[in-house]
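# Summary of the model geometry
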Amino acid sequence: MTLLRSLCLFLIVGVVPAQGQEPILNFENRFLPEVAQHGMVAGPERLAAEIGIDILRQGGNAVDAAVATGFALAVTYPRAGNLGGGGFMLIHLADGNRQTLVDYREMAPARAHRDLFLDEAGEVDRNREFFSHLSAGVPGSVAGLIHALENYGSLPLKTVIQPAIELAEKGFPVSFALDSEIAARESRLRKDPEALRIFFQKDGSRHPVGELFRQPDLAWTLKQIRKRGRDGFYRGPVAERIVTNMEANDGLISRDDLAGYRVIEREPVRGSYHGYDIVATPPPSSGGTHIIQMLNIMEGFELEPWGHNSAAYLHHLAEAMKLAYADRSRYLGDPDFTDVPVAELTDKAYAARLRTLIKPDQATPSAAIKPGAELGYESSDTTHYTVADRFGNVVSNTYTLNFSFGSHIAVPGTGMLLNNEMADFAAKPGVPNAFRLIESEANRIEGGKRPLSSMTPTMVFRDGKPWLATGSPGGSIIITAVLQTILNAMAFEMNIASAAAAPRIHHQWMPDQLRVERGVSPDTRRLLEAMGHEVVDTRRTLGRTQSIVLDGGLLYGATDSRRPGGWVAVY
Ligand code: DON
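So, here's what we can say about the structure. (Residues numbered from 1 in each chain as written. Predicted model: local features only at pLDDT ≥ 70, side-chain atom pairs only at ≥ 80, totals over all residues. Heavy atoms only, no water.)

## Some words on the site of the ligand
In the vicinity of the ligand lie 14 residues, with T382, E421, D424, S454 and G475 positioned nearest. N402 places a polar side-chain atom, nitrogen or oxygen, 2.7 Å from a nitrogen atom of the ligand. Relative to its unbound accessible surface of 340 Å², the ligand loses 93% to contact with the protein. Looking at the shell around the ligand residue by residue, the class counts come to four nonpolar, six polar and four charged. Three or more residues apiece are contributed to the shell around the ligand by two domains, here domain 1 (39-265 + 393-443) and domain 2 (271-381 + 454-560). (Near = heavy atom within 4 Å. Polar contact = N/O pair within 3.5 Å; in protein donor to acceptor, adjacent residues only side chain to side chain. Areas by Shrake-Rupley, 256 points an atom, 1.4 Å probe, with all protein chains shown as cover. Nonpolar A, V, L, I, M, F, W, Y, C, P; charged D, E, K, R; others polar. Domains from an automatic or database assignment.)

See the structure below:
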């Protein structure tokens, strides 16, 4: 069906390329994007993407659709769609041609402190960090979605939340993807009695694929939000259930923490790459800062003659990644608690100095790379979806519980999983975290602080207009997945489906390993090894982008088709 629709639209639009531009659907690229005229939602799950499109059909704008999809994913994509987590929403507003970033990242409870996850020997207790009530930050998703709707949407909350309520109440058929997501986390989910009750049948077995999956408690929570807006979650009966559960399990989230949760609108970080303008997520995410830093480094090299995914290209890319992630380890944290030198890190002159550290045919050992050596500055399962509407508004949203199914702990009577975002802090500065990222005092635990993130909703502008919007899950891999997807489109002129599906690499400075997807040729891997890279073969895709390109009055969308369940809904 999808392929047929793509081919039909290809036949329709392929003969009328946008004026003065290369036809975007060309046969040099192996994958073809979906195409639409009026609106598009590219996301990880079909029902929620289609709900976004229904909202657009009713006359809603991209923000209305993004909020509706966000609430719906909390029902249909429980591994990462959520009410109990947080994220970042990058919004382009056609009116005024401006962008804003809604930061609804979780906040550490007021009583959280630096040594929260250290045991008596001073070592990190990973179980407490990842899978306990202490793992949860104060959720931001409900406040963030409502903030976006109230400030930039056009429809009432009750309209955009209603489809999610119906899906939770009436149920929806279990898909192959949902079943495999639950199966992958089955043993851990079973450990929590409430998660066991929510995600498994009465006899304890998994719901068969195709059978209806109902979530009445989640429907109740959503109805509280429908009735009382933000207060329906952060005060009153839902808040009481969260606090009761915290108090019974040595958790820290209090009534005051919930009532005091703050959404913050921030100015996105901005950069450029050969005439394209990049607008991306600022701290407390590290994503946008380092995407721009790496693009600045790569801008000084001629990529085209090397060729896409050639050893020379991948070597230089990996070296740029190492330099950027080394800086991440030292400087990045919540800007409300620590000075983050974003302007310095995204400065083209700084990138030029870093570029001189890259040897053309030899890997520099990570141990020899010192964070900020050239800076001259001193001080200190996630999901993404993208929405575009016919008015020219674009939304790029990444939100998460952190791990797939978060801490795997559900709050009794709410249908809601707790995030384990507190694990994104440096439990012990200098010791690698869950994503093997090393972080500094800048990201130590403090009450009221937001843990450092890698989530990177990103937009690329051409001639002052939005051209590409994307983002990805994947923890530390998010930043490099987004980087390669936009480089594929900008530097190698791939259509967005090919850009999404092309094999990727990842290096994060420490550990000193170059992770390489299987689609990179063994010959190339051998050349990289000969340059001194420790190449590690990865079976999983590195990230999973959901992207939309706006070109010549049409919308072109792609989900990274190498993971199941993704969907581009069109209108
Ligand atoms: O904010 C972050 O960077 C992480 N909590 C994201 C986690 C993630 O992407 C897991 N998904 N695969």
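Moving on, there is more to tell.
## Overview of the sheet that holds strand β8 (residues 269-273)
If you walk across this open sheet you meet the seven strands as β1-β20-β19-β15-β14-β9-β8, and the pairing is antiparallel. One side of each edge strand has no neighbouring strand; the edge strands of this open sheet are β1 (34-36) and β8. Averaged over all neighbouring strand pairs, the angle between strand axes comes to 25°, with direction disregarded. Alignment of β8 against strand β9 (residues 276-280), held across five bridges, turns out to be antiparallel. Within β9, the position partnered with V269 by the bridge is A280. The sheet contacts of helix α14 (residues 287-299) involve β8, β9 and β14 (458-462), and relative to β8 the element is tilted by about 20°. Relative to the sheet, helix α19 (residues 477-490) contacts β8, β9, β14, β15 (465-470) and β19 (546-551), its axis offset from that of β15 by approximately 135°. (Pairing = 2+ DSSP bridges. Helix = DSSP H or I, 4+ residues; strand = E, 2+ residues; numbered from the N terminus. Axes fitted to C-alpha atoms, helices over the stretch in contact; angles between N-to-C directions. Contact = heavy atoms within 4.5 Å.)

## Things to note about the pairing of strand β21 (residues 567-570)
Every second residue of β21 is oriented toward a common face, with W567 and A569 on one face and V568 and V570 on the other, all of them buried. One ladder, built from four bridges, connects strand β2 (residues 40-43) with β21; its direction is antiparallel. The residue of β21 that forms the bridge with A42 is V568. (Buried < 20%, exposed > 50% of the residue type's maximum accessible area, 1.4 Å probe, protein only.)

## A look at the sheet that holds strand β3 (residues 86-93)
Overall, antiparallel pairing links the seven strands, which are arranged β7-β4-β3-β11-β10-β2-β21 in an open sheet. Unpaired on one side and paired on the other, β7 (264-266) and β21 mark the two borders of the sheet. Shown here is a sheet whose adjacent strand axes are inclined to one another by a mean of 15°, direction ignored. Here seven bridges tie β3 to strand β11 (residues 394-400), and the two strands are oriented antiparallel to one another. Across the sheet, the residue bridging to F88 is T398, located in β11. Relative to the sheet, helix α2 (residues 46-57) contacts β2, β10 (383-388) and β21, its axis offset from that of β21 by approximately 20°.

## Let's talk about the nonpolar core
Core analysis: the biggest nonpolar cluster contains 87 residues, and L295, L303, L317, L487 and M490 have the highest contact counts within it. Element by element, the count of residues in this core is highest for helix α16 (residues 311-331), at 12 residues. Two domains each donate at least three residues to this core, and these are domain 1 (39-265 + 393-443) and domain 2 (271-381 + 454-560). Beyond its immediate stretch of four places on either side in the chain, L303 contacts Y273, M298, Y313, L487, A491 and F492. (Core = buried A, V, L, I, M, F, W, Y, C linked by side-chain atoms within 4.5 Å.)

## Brief notes about helix α12 (residues 237-248)
Count 3.6 residues to each turn of an α-helix, and residues three or four apart come out pointing the same way. With 12 residues, α12 extends 16 Å from end C-alpha to end C-alpha; this agrees with the ideal 16 Å at 1.5 Å per step. Looking at α12, one finds that the buried residues are V238, A239, I242, V243, N245 and M246. Axial view of α12: buried residues confined to an arc of 160°, hence all on one face. Exposed residues lying more than 90 degrees from the buried face of α12 are E247 and A248. Where α12 is buried, its residues touch α10 (216-228), α11 (231-234), α13 (255-259), β12 (410-411) and β13 (416-417). (Expected span 1.5 Å × (residues − 1). Arc of directions from axis to C-beta.)

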